[in-house]
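Structural description and commentary
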Amino acid sequence: MSSPRSMSTSASVPSMLSARGSNFHGPLPMFEVFAGLESDKFPFGLGDICVMQPRLIILVTYLTSDLLRVFPWREESPAFVSQPLGCALCCMTQLTTETVAVTSSNSDLLSFLKVDTHSVHVTQAVSMRRQYRAVTALDHRTLALATDSRKSASNVIVVVRFHSSSDYRSYTALRTIGTRHTSVPVVRLLSKTLFKVPYSLCTSSDGDIIVSDSQRKALLGLQPDGETRFVFQPPKQSRMIDTPGGVACSPSGHLYLVDSCEQRVLRFDHKGKFQKVVLSQEDGLEWPIGVAVVDDTILCVAEFYGQVKVFRVR
């Protein structure tokens, strides 16, 4: 879902736009790919999506499988490259132009993979001593990782820095973020803890950690030192955010949040101010679960039942 904010997004995209002709004005899908697993053993689809910059390689994980799949985004009938990792996968983030980190939903392993269009290789698998779900890269050696215990009232985000960008086996925990620490008034969050279930993370263009909280139905922005930048939590009866899912940030600073049950993608500015609904069922969304940014106008959306759809948005 996320990539380091310093990563280039200058790769050209005009060849993709021919999928719906030169008169395409969106936001209907420019194209879509079925990336689900056609197996009785794994009946459900996608869990997370990441677009590696600048080569625009799409990576997807699955809720019920240990497979990571890779394919080039420009191809409507791509040849998939699949890599089993031996543990159920969860969320991804890009560290360098060829390296991603992937969390596990049933172990404390954090896997590091070298990825290109035609191959995926596990370079290291590191025990983090606790299980994490969401992850985002703050730079090529620093990660923010969120715990996801449904039974815990004290989920936290841990910021860790690895000692080398070529060897991720050793790291230092820089800080733990879990309680409110802000000079900005927070009206709606009555609990002293910041999170209930931090479902997804990304890194904003300002370097903030953006958090989608699926139980609190909130979007939060945190500085890397733990200071709260913003909290967006509308009244429950408004249903403005029903089921927060994946979150991503564009190069210009727009934040995109999946609302899975309402089947839409919302856009916010870099300060957490809601702007508009950019995609909905009317645009062809069906149970979106994750979102990744190609550039300021193009989004890749992963749907629960296996579709990856590419949209141009305004």
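Our subject is the structure that appears above.
All values derive from a computational prediction rather than experimental measurement. (Residues numbered from 1 in each chain as written. Predicted model: local features only at pLDDT ≥ 70, side-chain atom pairs only at ≥ 80, totals over all residues. Heavy atoms only, no water.)

**Some remarks on the overall build of the protein**
Helix and strand content of the protein: zero helices and 24 strands. Out of the 314 residues belonging to the protein, those deemed buried represent 56%. Of the contacts made within the protein by residues no fewer than 6 positions apart, 49% connect residues no fewer than 24 positions apart. Summed over its atoms, the accessible surface of the protein is roughly 13100 Å², and 48% of this surface lies on carbon and sulfur atoms. (Helix = DSSP H or I, 4+ residues; strand = E, 2+ residues; numbered from the N terminus. Buried < 20%, exposed > 50% of the residue type's maximum accessible area, 1.4 Å probe, protein only. Contact = heavy atoms within 4.5 Å. Areas by Shrake-Rupley, 256 points an atom, 1.4 Å probe, with all protein chains shown as cover.)

**Considering the pairing of strand β18 (residues 244–249)**
Working note: regular strand, side chains alternate between the two faces of the sheet. The buried fraction of β18 is high, at six of six residues. Pairing of β18 with strand β19 (residues 255–259), which is carried by four bridges, proceeds in the antiparallel orientation. Bridging across to β19, A248 finds its partner in Y256. (Pairing = 2+ DSSP bridges.)

**Observations regarding the side chain of R267**
Structurally, the position occupied by R267 is in strand β20 (residues 264–268). Despite being buried, R267 has no salt bridge partner; D296 is the closest side chain of opposite charge, sitting 8.6 Å away. (Lys, Arg positive; Asp, Glu negative; His and termini not counted. Salt bridge = Lys/Arg side-chain N within 4 Å of Asp/Glu carboxyl O.)

**What to know about the sheet that holds strand β24 (residues 307–312)**
Strands sit in the order β1-β24-β23-β22 across an open sheet of four strands; the sheet is antiparallel. Edge positions in the sheet fall to β1 (31–34) and β22 (288–293), since each of these pairs with one other strand and no more. Adjacent strand axes in the sheet meet at a mean angle of 20° when their direction is disregarded. (Axes fitted to C-alpha atoms, helices over the stretch in contact; angles between N-to-C directions.)

**Here we look at the side chain of D295**
With respect to the element layout, D295 can be found in the loop between β22 and β23 (298–303). A polar side-chain atom of D295 sits 2.9 Å from the main-chain amide nitrogen of T297. In this structure the side chain of D295 is engaged in a polar contact, spanning 3.0 Å, whose partner is the backbone nitrogen of I298. (Polar contact = N/O pair within 3.5 Å; in protein donor to acceptor, adjacent residues only side chain to side chain.)

**Side note on the environment of K114**
Mapped onto the elements of the fold, K114 is located in strand β8 (residues 109–116). Once the C-alpha coordinates of K114 and E98 are considered, the two residues, 16 residues apart in sequence, prove to be 5.5 Å apart. Apart from the residues lying within four places of it in its own chain, the contact partners of K114 are E98, S119, V120, H121 and T123.

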